[in-house]
Amino acid sequence: MIQMETKYKTVMCRDVDKRLHGKTVVMAGWVHQIRDLGGKKFVVVRDGSGLVQVTIAKDSSSKDVLEIAEQLTLESVVQVKGVVKEDPRAPRGAEIAPIEIKILNLAKKPLPLDVSGKVPADIDTRLRERVMDLRRREMRAVVKIGDTVLKVIREVLRQKGFVEVFTPKIIATATEGGANLFPVIYFGKEAFLAQSPQLYKELLAASLERVFEIGPAWRAEESDTPYHLAEFISIDVEAAFMDYEDVMKILEEVVYEVIKSVKQENEDDLHALNHSLPEISLPLPRVRYIDAVKMLRDKGVEIEIGEDLSATHLRLLNETLNTPLYFITEFPTKIRAFYTKPKDSDPIYSESFDLVWKHLELASGSSRIHLKEQLIKALNDRGLNAESFSYFIKWFDYGMPPHAGWGMGYARLMLMLTGRNSVKEVTLFPRDKKRLVP
RNA sequence: GCCGCGGUAGUAUAGCCCGGCUAUUAUGCGGGCCUGUCGAGCCCGUGACCCGGGUUCAAAUCCCGGCCGCGGCGCCA
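The following refers to the structure shown. (Residues numbered from 1 in each chain as written. Chains lettered and ligands numbered in written order. Predicted model: local features only at pLDDT ≥ 70, side-chain atom pairs only at ≥ 80, totals over all residues. Heavy atoms only, no water.)

Focus: the overall build of chain A
Formally: Here a strand is any run of E in DSSP of at least two residues, a helix any run of H or I of at least four, and the numbering for each starts at the N terminus. Exposed residues in this analysis have more than 50% of their type's maximum accessible area, buried residues have under 20%, and partly exposed residues fall in between, with area computed by a 1.4 Å probe over protein chains only. Residues count as neighbours in contact if any of their non-hydrogen atoms are within 4.5 Å of one another. With residues, only the protein chains shown are counted as cover, and all accessible areas are computed by Shrake-Rupley using a 1.4 Å probe.
The helix and strand tally for chain A stands at twelve helices and 16 strands. A burial count over chain A gives 50% of its 438 residues as buried. A sequence separation of at least 24 residues applies to 64% of the contacts in chain A between residues at least 6 apart. Surface summary for chain A: the accessible area is close to 22,000 Å², and the carbon and sulfur share equals 52%.

Here you go:
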């Protein structure tokens with residue numbers, strides 16, 4: 001029972017069951033469905049918790065109730081005062097016999113989208129009419145699974161001594177090159193929206209040892225795929241005195257616990273999504289980049305060593321490995337970001353990894369360079385100007401420990417957990433190349 | 001940005017290849033019947049061919065351009 005009586009309601013829809021038989025309650029929500037049988041009228045009301053049936057009998061309900069019931073339209077907001085009746089014929093074994101119905105906001109018709117889910121809508125229509133779309137059962141399931149995910153990630157990381165932090169989202173310089181940034185005007189100066197908390201989280205690890213952040217990042221890329229957004233939520237971890245293998249263990253444990261919890265806590269939601277989650281066991285398989293390339297070559301793929309793996313490559317690799325989740329490790333140093341630590345034994349390759357789900361990169365991480373001279377060299381090797389990173393590099397003179405970390409795309413993880421097709425679907429109000437509203 | 005496919009009522013669709021008839025069906029909406037529905041049911045009605053140009057006696061259908069969308073690729077630490 002959700003204990004929260006407010007000005008508008010004494011119970012949530014989900015609370016209405018046979019245990020409340022005979023009790024007078026007040027509930028409020030949206031008209032989800034109206035079934036008029038002539039003598040009986042069933043009005044299904046929905047709120048944030050679920051559905052409840054309000055049964056109006058033409059021979060026994062008051063004239064006022066009957067009059068109001070005639071005016072109801074789908075998705076109108078109503079407040080219903082009534083008596084809970086246990087009845088095996090009702091959907092959940094109990095229903096409400098209304099004493100009074102108030103229309104708090106009458107919805108226009110027709111609706112721009114079918115909330116009940118009888119008629120499917122294109123993703124484009126759904127995003128345009130997103131507020132209606134979010135009222136659908138599937139989308140409530142997506143949001144609830146997301147809530148479990150965030151809760152579990154925080155729990156697991158805190159239990160390992162990580163503290164949650166926030167890094168600045170308006171930054172001074174195009175920090176990492178490569179990705180395109182969104183410029184903003186900051187008190188008359190040019191600034192940018194952060195593409196990643198990378199540099200700041202490293203600085204925080206240098207002070208707080210174990211930190212994580214769940215927050216937005218922005219990239220003004222051409223990327224127009226079901227896996228990219230201009231604005232996305234990134235789950236970032238950074239820890240001092242760890243290397244890439246240490247943080248891989250943390251990552252796989254986070255994902256393992258998330259899958260386990262979603263299975264336990266969101267059974268109904270998974271059912272509503274017609275989705276089931278894979279069985280995984282730890283440790284997850286680890287495939288070195290060089291071995292992945294060999295596997296692809298064995299399949300007849302023309303790929304150069306040193307070339308990055310494309311989605312097509314990952315699809316093929318997934319077929320070969322026959323496992324839903326796996327790590328690819330030790331990428332060539334030159335295709336990773338400048339702060340990635342090369343292997344001491346073989347600097348061509350790096351202490352890096354990607355976590356891959358089927359053909360989708362969920363997360364990527366590495367050991368980081370913690371020595372100033374090495375970092376400057378890495379910047380120079382990539383044609384980046386070390387001077388513009390001076391605010392970052394400076395701190396490497398004052399006790400920068402060895403450290404490692406990873407970043408995971410929240411929406412991509414959600415894709416795996418919900419079985420949806422696009423990160424746009426699991427993001428409430430997605431921002432992509434063409435979409436700025438709603 | 002490139003390639004492919006598409007754009008038909010509020011929503012989702014059939015028709016397009018092979019031009020011509022009242023543009024199909026579901027859902028929604030309006031009306032009617034019905035006292036236990038739970039995607040209620042049955043009957044009647046309502047509402048649409050993305051925009052511009054071309055071919056043709058005749059265009060939803062064929063051709064050209066545009067706009068928009070979806071998928072793949074590319075781009076993306």
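Topic: a negative patch on the surface
To keep it simple, the criterion reads: Two joining distances apply to patches: 9 Å for like charges and 5 Å for nonpolar side chains (Val, Leu, Ile, Met, Phe, Trp, Tyr), and every residue must have over 30% relative accessible area and no salt bridge. Throughout this description, the term salt bridge denotes a Lys or Arg side-chain nitrogen within 4 Å of a carboxyl oxygen of Asp or Glu. Positive residues here are Lys and Arg, negative ones are Asp and Glu, while His and the chain termini are left out of the count. For the purpose of locating charges, the reference atoms are NZ of Lys, CZ of Arg, CG of Asp and CD of Glu.
Taken together, Glu 302, Glu 304, Glu 307, Asp 308 and Glu 361 make up a surface patch of like negative charges. Examined against the element boundaries, Glu 307 turns out to sit in the loop between α8 (289-298) and α9 (311-321).

What to know about the packing of helix α4 (residues 137-159) against helix α6 (residues 244-265)
The test is simple: Axes, fitted as lines to C-alpha atoms, cover a helix only where it is in contact. Angles between the N-to-C directions of the axes lie from 0 to 180 degrees. Roughly parallel means an angle under 35 degrees; roughly antiparallel, over 145; roughly perpendicular, 65 to 115; everything else is oblique. A crossing counts as left-handed when the near helix is turned anticlockwise from the far one by less than a right angle, and as right-handed when that turn is clockwise. For this classification, Asp, Glu, Lys and Arg are treated as charged, while Ala, Val, Leu, Ile, Met, Phe, Trp, Tyr, Cys and Pro are nonpolar and the rest, including Gly, are polar.
One can describe the packing of α4 onto α6 by two numbers: an axis separation of 9 Å at closest approach and a directional angle of 135°. In terms of orientation, α4 and α6 fall into the oblique class. For the pair α4 and α6, the crossing hand works out as right-handed. Within the contact between the two elements, α4 uses Ile 145, Thr 148, Val 149, Lys 151, Val 152, Ile 153, Val 156 and Leu 157 and α6 uses Ile 250, Val 254, Glu 257, Val 258, Ser 261, Val 262 and Glu 265. Classifying every residue of the contact of α4 with α6 by side-chain character gives ten nonpolar, two polar and three charged.

A short note on the sheet that holds strand β9 (residues 189-193)
Rule in force here: Any two strands with at least two DSSP bridges between them are considered paired.
Spatially, the three strands line up as an open sheet ordered β7-β9-β8, and their pairing is antiparallel. The open sheet has two edge strands, β7 (170-171) and β8 (183-186), and neither has a second partner. Where β7 and β9 come together, two bridges link them in antiparallel fashion. The residue of β9 that forms the bridge with Ile 171 is Phe 192.

Describing the pairing of β9
In the sheet, β8 pairs with β9 via four bridges, with the strands oriented antiparallel. Residue pairing for β9: Tyr 186 is matched across the bridge by Lys 189. Connecting the antiparallel pair β8 and β9 is a turn made up of two residues, with Phe 187 showing a positive phi of about 50°.

As for unusual backbone geometry
Along the chain, Lys 109 connects to Pro 110 via a cis peptide bond; the corresponding omega equals 0°. Cis geometry is found at the peptide bond from Leu 282 to Pro 283, where omega equals -5°. Within the secondary structure layout, Pro 283 lies in the loop between α7 (267-272) and β12 (286-288). One non-glycine residue with positive phi stands out, namely Phe 187, at about 50°. Here Phe 187 is to be found in the loop between β8 and β9. Residue class for Phe 187 comes out exposed when judged on its relative accessible area of 76%. Backbone geometry places Glu 209, a non-glycine residue, at a positive phi of 75°.

What to know about the nonpolar core
Counted only if it meets this: Definition used in this section: a nonpolar core is a set of buried Ala, Val, Leu, Ile, Met, Phe, Trp, Tyr and Cys residues joined via side-chain atoms within 4.5 Å.
Among the nonpolar cores identified, the biggest contains 54 residues, and Val 149, Leu 325 and Trp 406 are the most heavily contacted of them. For this core, the element with the most residues is α6, which contributes ten residues. When residues no more than four places from it in sequence are discounted, the contact partners of Val 149 are Val 258, Val 262, Tyr 410, Leu 413, Met 414 and Leu 417. Membership of the second largest hydrophobic core comes to 21 residues, among which are Cys 13, Val 43, Val 45 and Val 80.

As for the sheet that holds strand β6 (residues 163-164)
Across a sheet, strands are paired by hydrogen bonds formed along the backbone, either parallel or antiparallel in direction. Strand order in the open sheet formed by eight strands is β6-β10-β11-β16-β15-β14-β13-β12, with mixed pairing between adjacent strands. Looking along the sheet, the strands with just one partner apiece sit at the ends: β6 and β12. Sheet analysis places strand β15 (residues 360-368) next to strand β16 (residues 403-409), joined by six bridges and oriented antiparallel. Following the sheet pairing, Ser 364 is matched in β16 by Gly 407. In this fold α6 packs onto β12, β13 (325-329), β14 (352-357), β15 and β16, with an angle of close to 35° to the strand it touches most, β16.

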